[in-house]
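Structure at a glance
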Amino acid sequence: MELKKLVKNTSYLMLTKVFQFIAGIFRSKLNAVLLGTAGVGIVNQLTFLTQSLTKFTLLSMSEAVVKQIAESRDKDTVTEVINSSLKSYIILILSFMSISIILFNYFSDDLTKYVFGDIKYIRYFFIALFTFPILVLNSIPFAILKGFKNVKAISQARVLIIIVNLLIFIPLIILYKLDGAIIFIPSSYILTLTINYLFVKYQHLSNLKISFLSIMKAPLHKGYVKELLLFSGVGLSVGSYSIFSEFTCR
């Protein structure tokens, strides 16, 4: 039974990856034809910077939430666990996110020169800086889906995201070229967050009667906070090395 489930879940993810790969090639081709070398470079660096800021902020804490939900999903206390776990997670990531914004804003000139090559591209830096919180927020519904091991919902959400993103991306880049490609980046993150939230809401949150209000009313569990901080410590060491190596290579 477990083997059958594993094969089924693997096939979902494999088909999604293939679909994602084909869509990625199509988008890269359009970028190359319509934006040129400089435009593609700006878009790639903007995407890289946004994802790096997110990785630096999350510090692998979302994996702790996944673990906490996975361990309690078959128990009667699953609602209380999710509420307390998410409250701890939200408080910590908002704190880390505020620190990250202040820190990266302070070094904005130096980072712009390093990442984009010239201070004239600083507006793209600030687009990345104020866009990455969307990715941070997206880690919440995605962590819940992973915690419940809902591979089918994750795959369906990804396919839907890819399709809708393409429908948005094509007219934007054709009509507005580089500006359209830049606008698409935060738009795609907002879309991803929305779709993942809708999937997790109708698949799990509604059934468990979990809402933002119930999360905020939940008690803080010291054990969950400690576990999140433990994961963040590991994420800080491993993630910092990964970000440093990627920045250096680029």
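The coordinates are above.
Throughout this description, residue numbers start from 1 for each chain and increase along the sequence as written. In keeping with the model being predicted, local features are shown solely for residues with a pLDDT of at least 70 and side-chain atom pairs are shown and tallied solely at 80 or more, while totals for entire chains, interfaces and linings include all residues. Heavy atoms throughout the structure, all of them, feed into the side-chain values; hydrogens and water do not.

Observations regarding the overall build of the chain
Note the following rule: Each helix is a run of DSSP H or I of at least 4 residues and each strand a run of E of at least 2, with the numbering of both proceeding from the N terminus. Think of it in three bands: residues with accessible area under 20% of the maximum for their type are buried, residues over 50% are exposed, and the middle band is partly exposed, with areas taken using a 1.4 Å probe on protein chains only. By definition, residues are in contact when any of their heavy atoms lie within 4.5 Å. For the area figures, the Shrake-Rupley method with a 1.4 Å probe applies, and any residue is considered shielded solely by the protein chains shown.
The number of helices and strands found in the chain is eight helices and zero strands. The order of helices and strands in the chain, counted from the N terminus, is α-α-α-α-α-α-α-α. Sorting the 250 residues of the chain into buried and exposed places 44% on the buried side. Of all intrachain contacts in the chain linking residues separated by at least 6 positions in sequence, the fraction that spans at least 24 positions is 85%. As displayed, the chain offers around 13,700 Å² of accessible surface, 68% of which is attributable to carbon and sulfur atoms.

Some points on the layout of surface pockets
Filter applied, for reference: For each structure, a 1 Å grid was placed over the protein atoms alone; sets of points admitting a 1.4 Å probe that cannot get out are labelled cavities, open sets with protein on both sides within 12 Å along at least five of seven lines are labelled pockets, and lining residues have an atom within 4 Å of a point. Grid points are joined across faces, edges and corners, and a volume is the space filled by probe spheres set on the points. Side-chain classes follow a simple rule in which Ala, Val, Leu, Ile, Met, Phe, Trp, Tyr, Cys and Pro form the nonpolar group, Asp, Glu, Lys and Arg form the charged group, and the remainder, Gly included, forms the polar group.
Within this model, the largest pocket holds a volume of roughly 1,400 Å³. Every residue lining the largest pocket is counted, 46 residues in all, and those nearest its centre are Q20, Q51, L135, Y189 and T192. Secondary-structure elements contributing two or more residues to the lining of the largest pocket are α1 (2-58), α2 (61-72), α5 (122-147), α6 (151-208) and α8 (222-249). It is α1 that provides the largest number of residues to the lining of the largest pocket, a total of 17 residues. In this structure, the second largest pocket occupies an estimated 350 Å³ of space. The wall of the second largest pocket is formed by 17 residues, among which I140, Y197, L205, F212 and I215 lie closest to the centre. Elements that contribute at least two residues to the lining of the second largest pocket include exactly α3 (78-106), α5, α6 and α7 (212-217). Counting residues per element, the lining of the second largest pocket draws most heavily on α6, at six residues. Here the lining of the second largest pocket is composed, by residue class, of 14 nonpolar, two polar and one charged.

Considering the packing of aromatic side chains
Heads up, the condition is: Stacked, edge-to-face and tilted labels apply to pairs of Phe, Tyr and Trp rings (six-membered ring for Trp) whose centres lie within 6.5 Å, assigned for plane angles under 30 degrees, over 60, and everything in between, in that order. Note on geometry: a ring has a charge over it if NZ (lysine) or CZ (arginine) is within 6 Å of the ring centre and within 35 degrees of the ring normal.
Inspection of the entire model under this criterion finds seven aromatic pairs. Their ring planes at 45° and their centres at 6.5 Å tell us that F116 and Y121 sit as a pair that is tilted. Taking the relative accessible area as the measure of exposure, F116 reaches 12% and is therefore buried. Centroid distance F169 to F184: 5.0 Å. Interplanar angle 65°. Geometry classified as edge-to-face. In textbook terms, an aromatic cluster arises when at least three aromatic residues are bridged by ring pairs, as seen for F116, Y121 and Y124. A cation sits over an aromatic face here: R27 above F169, 5.4 Å from the ring centre.

Quick notes on the nonpolar core
We apply this condition: The set of buried Ala, Val, Leu, Ile, Met, Phe, Trp, Tyr and Cys residues whose side-chain atoms join them within 4.5 Å is what this entry labels a nonpolar core.
In this structure, Y89, F116 and I144 are the most contacted members of the largest nonpolar core, which totals 58 residues. At the level of elements, α1, α2, α3, α4 (108-116), α5 and α6 are the ones that each hand at least two residues to this core. With 17 residues, the top contributor of residues to this core is α6. Excluding its chain neighbours within four sequence positions, the residues that come into contact with F116 are I42, Q45, L46, L49, L111, Y121, Y124 and F125.

As for the pattern of salt bridges
Threshold: In what follows, salt bridge is the name for a side-chain nitrogen of Lys or Arg lying within 4 Å of a carboxyl oxygen of Asp or Glu.
Applying the stated criterion across every chain yields a total of four salt bridges. With a shortest N-O distance of 2.5 Å, K67 and E227 are connected by a salt bridge. Of this pair, K67 sits in helix α2 while E227 sits in helix α8, placing them 160 residues apart in sequence. Using a relative accessible area of 16% as the deciding quantity, one classes E227 as buried. Beyond isolated ion pairs, a larger network of salt bridges with shared partners links K67, E71 and E227.

Structural notes on α4
Put simply, the test is: Along the arc lie the directions from the helix axis toward the C-beta atoms.
For α4, the full list of buried residues reads S108, L111, T112, V115 and F116. Here the buried residues of α4 occupy an arc of 105° about the axis, which is enough to place them on one side.

Note that all results are geometric; they support no functional claim without further evidence.
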